[in-house]
Amino acid sequence: MKQFLKKLLLGKITSRDRTKFNITPIQKRIANIRAIWNNDHQDDNGIEKIVRLLLSISQLLFPGLYIKQLAHKIGYEYRDLSMDIYVLLKVAFPLLILVNDWQTNKILIALMVYVLFETILYIPTLIFASDMLSRPRSYKRSMLLLFFNYIEIVFSFGVLYTCGNNMNRPFENWYDPIYFSMVTSSSIGFGDFVPVTTYAKILVSFQALFFLSFVVLFLSFFTNKIKNKGYFDHESEEF
């Protein structure tokens, strides 16, 4: 049974994977920041370089990087598994808040917003600031995690819509805010729920804008397999 679960959850680790995992996640993140600062792979300047630096540095502020670091100490083969579990927990967290009606708990809401920002900033970091980030073991896995990231964002925005009387009529059950969030993210807008407060209108605007960048732009990067130094480079050897 133990071997079955290990094969199922960890898969096959090749010698190439072992070489790639010699450097810890924090070391790789710091190397990425230095590469951007020194213009090792891209001759950028001004606002572009500032944004790329801020995106790369931002990942040091969130728990995902440190979870990978801890998993690396246990064994390099557990890094992907630890992130899978972390992403699934991030998806479940806002759903639990809605189902149990915990929206009045400010600590839980603050924690949810904190990890939500991690997801929101992680996507543009991969696109614009991945100079020294090695490509994943599987792009299909990355696409699957992208789907769960999207679900997390939909659920989290659903929670934020329930923080106050922000709609033309109250949500009747825990799924209504998820439904409204999903409709908003896909830019459909049936009109059964309408934001009436400035807070809700800002959320709707931000979610609609993020849908375009998150889904359209990121899927385009994966689909077209853009050749670029770092995460989307299919030919370079990882260190």
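Residues numbered from 1 in each chain as written. Predicted model: local features only at pLDDT ≥ 70, side-chain atom pairs only at ≥ 80, totals over all residues. Heavy atoms only, no water.

- An unreviewed UniProt entry lists the protein under the name Two pore domain potassium channel family protein, from Flavobacterium silvisoli.

A look at the overall build of the protein
Right, on to step 1. Looking only at helices and strands, the protein features 10 helices and zero strands.
Right, on to step 2. N-terminal to C-terminal, the α/β element order of the protein is α-α-α-α-α-α-α-α-α-α.
Right, on to step 3. When each of the 239 residues of the protein is scored for burial, the buried share is 45%.
Right, on to step 4. In the protein, 74% of the contacts between residues at least 6 apart in sequence involve partners at least 24 apart.
Right, on to step 5. Taken as a whole, the protein presents about 13,300 Å² of accessible surface, with 66% of it coming from carbon and sulfur. (Helix = DSSP H or I, 4+ residues; strand = E, 2+ residues; numbered from the N terminus. Buried < 20%, exposed > 50% of the residue type's maximum accessible area, 1.4 Å probe, protein only. Contact = heavy atoms within 4.5 Å. Areas by Shrake-Rupley, 256 points an atom, 1.4 Å probe, with all protein chains shown as cover.)

Regarding helix 6 (residues 79–99)
Right, on to step 1. For helix 6, which comprises 21 residues, the first-to-last C-alpha distance of 30 Å matches the rise-based estimate of 30 Å (1.5 Å per residue) to within 8%.
Right, on to step 2. Buried within helix 6 we find Arg79, Leu81, Ser82, Met83, Tyr86, Val87, Lys90, Val91, Phe93, Pro94, Ile97 and Leu98.
Right, on to step 3. Backbone geometry just downstream of helix 6 places Asp101 in the positive-phi region, at approximately 55°. (Expected span 1.5 Å × (residues − 1).)

Some remarks on the UniProt feature "transmembrane region" (unreviewed entry) in the protein
Right, on to step 1. The residues that UniProt annotates with the feature "transmembrane region" (unreviewed entry) are residues 83–102, 108–130, 142–161 and 202–222.
Right, on to step 2. Within residues 83–102, the helical portion is 85% and the strand portion 0%, while the C-alpha atoms at the span's ends are 26 Å from each other. (UniProt positions renumbered as here; feature names shortened; annotations may be inferred.)

Comments concerning empty space enclosed by the protein
Right, on to step 1. Applying the stated criterion across every chain yields a total of two cavities of 30 Å³ or more.
Right, on to step 2. Considering only enclosed or pocket space, the second largest cavity measures out at about 30 Å³ in volume.
Right, on to step 3. Along the walls of the second largest cavity sit Tyr150, Ile153, Val154, Ser185, Gln207, Phe210 and Phe211, which together make up its complete lining.
Right, on to step 4. Of all elements in the fold, only helix 8 (139–161) and helix 10 (198–224) reach the threshold of two or more residues within the lining of the second largest cavity. (1 Å grid on protein atoms, 1.4 Å probe; cavity = no way out; pocket = protein on both sides within 12 Å on 5 of 7 lines; lining within 4 Å. Points joined across faces, edges and corners; volume = space filled by probe spheres on them.)

What to know about the packing of helix 3 (residues 25–37) against helix 5 (residues 63–74)
What describes two packed helices is the angle between their axes and the distance between those same axes.
Right, on to step 1. Running from N to C, helix 3 and helix 5 point in directions that differ by 135°, and their axes come no closer than 8 Å. Of the possible angle classes, the one that applies to helix 3 and helix 5 is oblique. Residues Pro25, Ile26 and Arg29 of helix 3 lie in contact with helix 5, whose contacting residues are Leu65, Tyr66, Lys68, Gln69 and His72.
Right, on to step 2. Of the residues that constitute the contact of helix 3 with helix 5, the class distribution is four nonpolar, two polar and two charged. (Axes fitted to C-alpha atoms, helices over the stretch in contact; angles between N-to-C directions. Parallel < 35°, antiparallel > 145°, perpendicular 65-115°, else oblique. Nonpolar A, V, L, I, M, F, W, Y, C, P; charged D, E, K, R; others polar.)

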